[in-house]
Each structure stands twice: as C-alpha cells, then as structure tokens.
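Chain residues, written in single-letter form:
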2 protein chains.
Amino acid sequence: MHNFTWNSPTKLIFGQDTVKDLEAPLKAAGVKGVMLVYGGKGTFKSGAYDQVTDMLKRAGISFSDLNDVKPNPLVSKVREGVARVKAGGIDAIIPIGGGSAFDTAKAIAAGACYSGDVWDFYSGKAKVQDAMPIYGVLTVSASSSEVNGISVVSNPETQDKISMGDVHLYPKISVIDPTFQTSLPQKQTVYGGVDIIAHVLERVLDGDDGSELMDEQGYALIRTMMRVIPELIEDPKNYDSRAEYAMAGMMAHSGFLSLGRETRGDFSSHKLGHSISLLYGAAHGASLSVVFPAWSRYLYEDNPEPFVRLGEGVFGIYDGDDVDRALESIEALEDFFREINAPTTLRELGLKEEDIEKLAENARKILPYGSLKVLDADDVLEIYKLAY
Amino acid sequence: MHNFTWNSPTKLIFGQDTVKDLEAPLKAAGVKGVMLVYGGKGTFKSGAYDQVTDMLKRAGISFSDLNDVKPNPLVSKVREGVARVKAGGIDAIIPIGGGSAFDTAKAIAAGACYSGDVWDFYSGKAKVQDAMPIYGVLTVSASSSEVNGISVVSNPETQDKISMGDVHLYPKISVIDPTFQTSLPQKQTVYGGVDIIAHVLERVLDGDDGSELMDEQGYALIRTMMRVIPELIEDPKNYDSRAEYAMAGMMAHSGFLSLGRETRGDFSSHKLGHSISLLYGAAHGASLSVVFPAWSRYLYEDNPEPFVRLGEGVFGIYDGDDVDRALESIEALEDFFREINAPTTLRELGLKEEDIEKLAENARKILPYGSLKVLDADDVLEIYKLAY
C-alpha cells in the first residue's frame, strides 16, 4: 500500500427534504447573495429549484440565475458566470444539478478570485489560489463532484475537455436529496450508473494490487450498482434504490477508492471517452460503456490479473485459466451494459468508420496516460477500432 | 435509507515515515508548545516517540510528557492533564498511541476549555463547547479514535466507563504510520483485530436492512480483517498487512458504516464488554470476542436475518433455512476467534460463576441499549450466562 494524504472537507446533508437544512449554515456564514448555477428544465421538474429559492427567500438571501449549463459544460458559460460574479453582489455559488452544474460552479468560484482567464487553470498556465464558497444541491448522481475538488470543462475552440482539481474547490456543504432523481429520464439513470461503475473500474483495474481492502470496497460498489440500476429501470421512484445509487455515486469518484494506490486510477477509458463526447456529443456514460470493454479487450491478455480479480469479486467467476477468466469478466460486464440498454459500440452511437481516425487524433493530444498500460498513439487507434 | 449528515474534518497522513510531515502544519498553525500523551514503553519501542520529539525539536516547538496512560483510560489521568494544560505553555495536544492515548487527549482538549470538572462531559452534566487542537500519531489501530470525535473514559469511583462524542474532538490531523505497529505483541494485534471486526458487526447486525451498500462495505472490511490477522500472526512485520489492518481499523468505527442506518449501530456487545473490562480488567478486544457470540446466540432465533446476510457476505453460507444459516454464521465467527486465539468464554478470562451477577448488575446501570433487540435486565443476565 502506498503512502497517501486524505482530506475530505465537504460536509454532507443526505436524505429526503433536506434542502431546508442549508438555511442555517448559509446564514451562519453571513452569505447575502448567491448565484444559482444549473442546466434546464430538470432543475424545475425535480422540485429542487423551488425548494432552493424558497429556502433563500426565507433566509433573506438574494439570488441570480446562471442557467442553461450544458452536459460537458463549456468554458464560455464559466466566463459568463465569472464576469457576473465580478460585477458584485454575490458571495457564494449554489450549483443545482449534477456534475456539469457543480463543475461549472467550481470553475466560476476559482475564476472569480483570479485576474486572468479561467481557462488558465485547465491549460495548466495557473494554479488555483483561492475560490468562493460553494454550497451544492445535487439532483443527478454520477460524477462525485459534490464531494471532490475536481472540475471538468470543455473548450470547443481548442477541442479540449480537461479535468483540473484543487483543494479550494471542495463544496463547503453538499445536499443530496435522492428524491430529486426520481424524475430523471431512464437514459440518464442508466448512463449515470455506467459512469459510477466506470469510476470504480478505473481504480480496481489500474494494475495496483497493493490494496485488496480498497478493491473489495470497489467490488461491493459495483455489485450495488448492478442491483439498483435494474431496480430503477423497473421503478424509477424506488427511494431506497435511488438512495443507494446516490451513495455509491458519491463514493465512487470521491478519491476514497484511490487511497493507498500507486496512481489515482487508470483513467484511459475516461480520456478516450472524452474525445467521443467532445467531437460527437455522446453522453459521458454512453462513451464509457463503449470504451471500457474495448480498452479491456485490448489489454487483458497481457494483463489478466485485475480482470480475474474483478471476475471473482463482482461476477462470481472462479473457474478456468487466468486469460479465460479475464475474458469472461469482460463479457459479463458487456452483458450487463447491454441488459440496461447502454451502448457498447461506436456504431450504436452513430459513428462511421472514417470517424475513428479523428477520434484517435483528438485523444492523442494529451498522451501519455494510463496506468495498467501507458498508452501510445497506436494503442489509442487500436482501442477505438475495437470499440467500433 | 435514513437521512444523515456527515462531516469528517480530520486530515489523514498515512504511510511509512510520515511523522515528519506534521512539522509544516504545526508551524503553520503557530503551535509553540505541546503536551505528548502516551502510555508506556510501546511508544518508545515503536520508534514513534523519537520521531515525534525529533520533529518537534526541528520545528522549535517545546513539549512536555503526560505518560502512563492505561488501557481503559482513567479520568484521574485526564484531570492531571487538564491541570497541567491550564497551568500554561501548551497550545496543542499530541496523543501517541491507540484509542487510550487519543481518548485521553480528547478529554484533556475539552477539559482544558471548561471551568468545571471534565467528568461532567461523560456524566451528561455538560456539553463540549470548545476544545484545544489535537494532532495525533497512531501506533495501535482499533478504535478509529484517530478519525472520530469520540472519547471513552473510565471512572473507577463510580464504576463507570462512558463514551462521549463531539464535533470539536476530531483530531485536526492524524498520522497513521503502520510500521509503528510491527512491534506490537501478538495479543494486541489479535484483540485490536477483534475490536475492529466488532465495530463492523455492531453495524451490520443492528437490524436495519435499509442500506445493503453499507452492509456490503462492512462485510468487505470483515473479510479483509479475517485475511490480515492470520497473516500478521504469521509475520508481524508484513507491511501491507499492517497497512490494510490500519486502514480497516480507521474505517470501521469512523461513523462511515453508520451512514443511512436508523441507529448508529447496536452496541450492546460493546456495553456488555465494558463491564467485563471495568470490573475484571479484561482487554477490550478479549471482552468482545467473548460477548459477541453470546449476544448473537441469545438473539438469532428471533432475528435470523442479519446473521443470514452476514453468512452470505462474509462466510459464504448459502444453504439451509434461515435459523440454521444464522447459527452457522455465528459458529463460523466463533471458529475464527478461536483460530486466532481470542477467548470466547468468560471462563477463559478467569471469571467464576458468581461473577456473572456482578457483571449483570454493572451492565444494567445504563440500560436500555441495543438496536436489533433493546435489552432489559433479564436479557443482560442471560447473555452473560451464555458467555460463561
């Protein structure tokens, strides 16, 4: 097990009817004006918007809206938010939504305390030194953005989708009320669920066998997700399934499963998936259910061990030689993705064969990456071919 | 799943050779003088004392020692520490040790900021309002005291051993260097391991089936402990096993496994065990390996379900009717305790039949407790009889 430090300063308020519990801490912190950062109609449909604004009115806190935040959120929206915060009257940010709202809020929180352009944090030109306080209300679980200091933002001008993290960007408080997620479209429940599973897979398949304890925690998370996603397809309003989904979503990418690992995880599949989202607008989760099996098939023969352990810990696969068992695990994962109607090929996403080279070109820009195998330019192309 | 809030403000520094990493944060916090709180020769033998004092000398921070803290730490020692802190020159407490040192440090930290007697916090007469900062160095894993706000202190005058918790009592930073534990006597590794397992059992056997996810996390922790305790009996210097033991010990009683549960856990076995430690000086872990099977045997016929799930999640027991499977799980747990030479009867602890009534009398003082079953005076007696 490798040395680590762990600091998880976000306070969680979890459960039904808990938005109202934000009032006391906002008042105690002396907050007078907030910016609400959110996407579109889901924020209203879930009931979250009304609950948040009612709470703010009761507290006598003014608010202004930055809406229309897109999935794979854009730096242009962040810049708009930063300019408005710099114009005054806002001393905290409240994202209402999932990863996109939270990631945008974090970017604004950092950008508002910086004299240059906020993209500098993503391009590596500058490091976050300070940020405004964030009090988040989660309505879509998947990213763990509610409990981490990570922000992923896209810049179409440079064709980049870049992740950046800093300790200043942890929300002060995150409210997780699973009832807000009962109104999500089925597709979003499925893709979010794939993303949560992928966050675990990036760790347990990273090639570091030094922390069986943390691997076991990860396998338990995947088993839970494989149980609750079908339950939620059947009955989207099942509160306990939503709650377990929200808990798993919070834990999977909080950094907790990375404790003691040599790297923070492999994350090649996320990087290869980012290019599919950026160039072809695929949902993040859909890009992952396509890439993960392809990446796995490309690597397992030379690196069967983590797949063998995944097979034991998640799928109950104990028989056969290592390479056979590894393949059986990958097939079981693909079967599960198909069972919940998540795509497993680029073709299903509507891509053509000639798109493969474009994807590879984009995904090569930030090479090298990967931990189980450090990928090179050829690897990237071959994995996309397998994904086709 | 039940609503909860979660706040885990302690920063962890985990791994080999990490005591030196306390220097920068101590200096940044402006600490000038500390009190070192520890037990006896283990603190020196482990190398922890030298590493801490070397670090303090480099940092130019003065220190004074409060040593001879006993297992099941005493309020008299706490009072001694409080008086010395009130005399001046100390602005932070550094426990070096396990639960006893940390629990004593927390009590001193709270008592030093209070005008009355520190026992008031334990008797329920007063609530902690403030506390001095604690920077801990863990040398014995088991209590999770390094990451929680709980302090358990004994008062022989009143024959009480009482647990008290407050958010002010979380250590600012805890350093967990598993190498300090390689010099522990085997008995302590075993009893600490039983305590860690018991912390999980108190949760997964509490009768709340609303959070399968958290139960699965708990089963994975127990499986890890059942793997690493025998590894450490075989080779006490196995770093990876020590590290997994320390991680599991940190997680088991941090409160994390209580998230979403109706209660924080059952904890009857801990309370029944406390009387054995208080009256007959039994090691905390030894009291638990005796009480847990007895408590389980007393309850399982009317409440087989949590034992059935424990059997599936930990011992691979899938066949038979519920009551049979529950009993098989309890037997498997007892077998494991015997395999690692942990006692499973009061007799093995040297108690006589006439001691049972005395134990029951003491354990009844703080009734009612329990969650799977709320115990009454008769239940307590019957469980001790089964434990004999």
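Each chain has its residues counted from 1, following the order in which its sequence is written. Chains carry letters and ligands carry numbers; both start at the beginning, A for chains and 1 for ligands, and go up in the order they are written. This being a predicted model, a pLDDT of at least 70 is required before a residue's local features are given, and a value of 80 or more before pairs of side-chain atoms are given or counted; all residues contribute to the totals for chains, interfaces and linings.

Draft legend 1. Geometry of the pairing of strand β2 (residues 33-38) of chain B. All names here are of chain B. Any residue surrounded by 20 or more other C-beta atoms within 10 Å of its C-beta is treated as buried, while 12 or fewer makes it exposed and the intermediate range makes it partly exposed; C-beta atoms here are placed from the backbone. Helix and strand definitions here come from DSSP, where helices need a minimum of 4 consecutive H or I residues and strands a minimum of 2 consecutive E residues; each element is numbered from the N-terminal end. Of all 6 residues in β2, 5 are buried; the element is thus mostly enclosed. When DSSP finds two or more bridges between a pair of strands, those strands are recorded as paired. Pairing between β2 and strand β3 (residues 62-66): 5 bridges, direction parallel. When the bridges of β3 are listed, Val-37 appears paired with Leu-66. By the bridge criterion, 5 bridges tie β2 to strand β4 (residues 92-97) in an arrangement that is parallel. Its bridge partner lying in β4, Tyr-38 is registered against Ile-96.

Draft legend 2. View of the sheet that holds strand β5 (residues 135-138) of chain A. Reading across from one edge, β3(A)-β2(A)-β4(A)-β5(A)-β8(A)-β1(A)-β1(B)-β8(B)-β5(B)-β4(B)-β2(B)-β3(B) is the order of the 12 strands in this open sheet, with mixed pairing throughout. Pairing within the sheet leaves two strands with one partner each, and these edge strands are β3 (62-66) of chain A together with β3 of chain B. Going from strand to strand, the sheet's axes swing by 25° on average, the running direction of each strand aside. Packing against the sheet, helix α4 (residues 75-86) of chain B makes contact with β2 and β3 of chain B, and its axis sits at approximately 170° to β2 of chain B. Each axis is a line fitted through C-alpha atoms, and for a helix only the stretch in contact is used; angles between axes span 0 to 180 degrees, taken between their N-to-C directions. Contact between residues is assigned whenever the C-beta positions, reconstructed from backbone atoms, fall within 7 Å.

Draft legend 3. Summary view of the domain arrangement of chain A. The domain limits used here are those given by an automatic or database domain assignment. Splitting chain A by domain gives domain 1 (11-180) and domain 2 (185-387). Three classes are used: nonpolar for Ala, Val, Leu, Ile, Met, Phe, Trp, Tyr, Cys and Pro, charged for Asp, Glu, Lys and Arg, and polar for all others, with Gly counted as polar. A per-class count over the side of domain 1 of chain A that touches domain 2 of chain A returns 6 nonpolar, 8 polar and 2 charged.

Draft legend 4. Examining helix α7 (residues 186-204) of chain B more closely. The length a helix should cover is 1.5 Å for every residue beyond the first. The end-to-end C-alpha distance of α7 of chain B is 27 Å, a good match for the 27 Å that 19 residues give at a rise of 1.5 Å each. Among the 19 residues in α7 of chain B, 16 count as buried, and that is most of the element.

Draft legend 5. Fine view of the interface of chain A and chain B. Contact with chain A, which involves 30 residues of that partner, is made by 30 residues of chain B. Contributing elements (two or more residues each) for the side of chain A that touches chain B: β1 (4-14), α8 (212-234) and α9 (239-252) of chain A. With 10 residues, β1 of chain A is the single largest residue contributor to the side of chain A that touches chain B. When grouped by side-chain class, the residues that make up the side of chain A that touches chain B number 12 nonpolar, 12 polar and 6 charged. Sheet topology places β1 of chain A next to strand β1 (residues 4-14) of chain B; 7 bridges connect them, and they run antiparallel. When the sheet's bridge partners are listed, Ile-13 of chain A is paired in β1 of chain B with Thr-5 of chain B.

Draft legend 6. Representation of the packing of α8 of chain A against helix α12 (residues 305-315) of chain A in the model. Residue and element names in this part refer to chain A. At a closest axis distance of 9 Å, the pairing of α8 and α12 adopts a crossing angle of 55°. Taken together, the axes of α8 and α12 are oblique relative to one another. As for how α8 packs across α12, the hand of that crossing is right-handed. Contact residues: α8 offers Asp-215, Glu-216, Tyr-219, Ile-222 and Arg-223, while α12 offers Arg-309, Gly-313 and Val-314. In this scheme, roughly parallel covers angles under 35 degrees and roughly antiparallel covers those over 145, while 65 to 115 is roughly perpendicular and the rest are oblique. Each crossing gets its hand from how the near helix is turned against the far one by less than a right angle, where anticlockwise is left-handed and clockwise is right-handed.

Draft legend 7. Seen up close, the relation of the copies chain A and chain B. The transformation that overlays chain A on chain B combines an axial shift of 0.0 Å with a rotation of 180°, and the residual RMSD is 0.0 Å. Overall, the copies show the geometry of a two-fold rotation axis. Superposing copies: least-squares fit, C-alpha atoms only, residues required to have pLDDT of at least 70 in both.

Draft legend 8. Representation of unusual backbone geometry in the model. Here the bond from Leu-367 of chain A into Pro-368 of chain A is cis, since omega is 0°, no more than 30 degrees from zero. With a phi close to 60°, Asn-341 of chain A is a non-glycine residue in the positive phi region. Although it is not a glycine, Asn-72 of chain B sits at a positive phi angle of roughly 50°. Along the chain, Asn-72 of chain B falls in the loop between β3 and α4. What makes Asn-72 of chain B partly exposed here is the crowd of 19 C-beta atoms within 10 Å.

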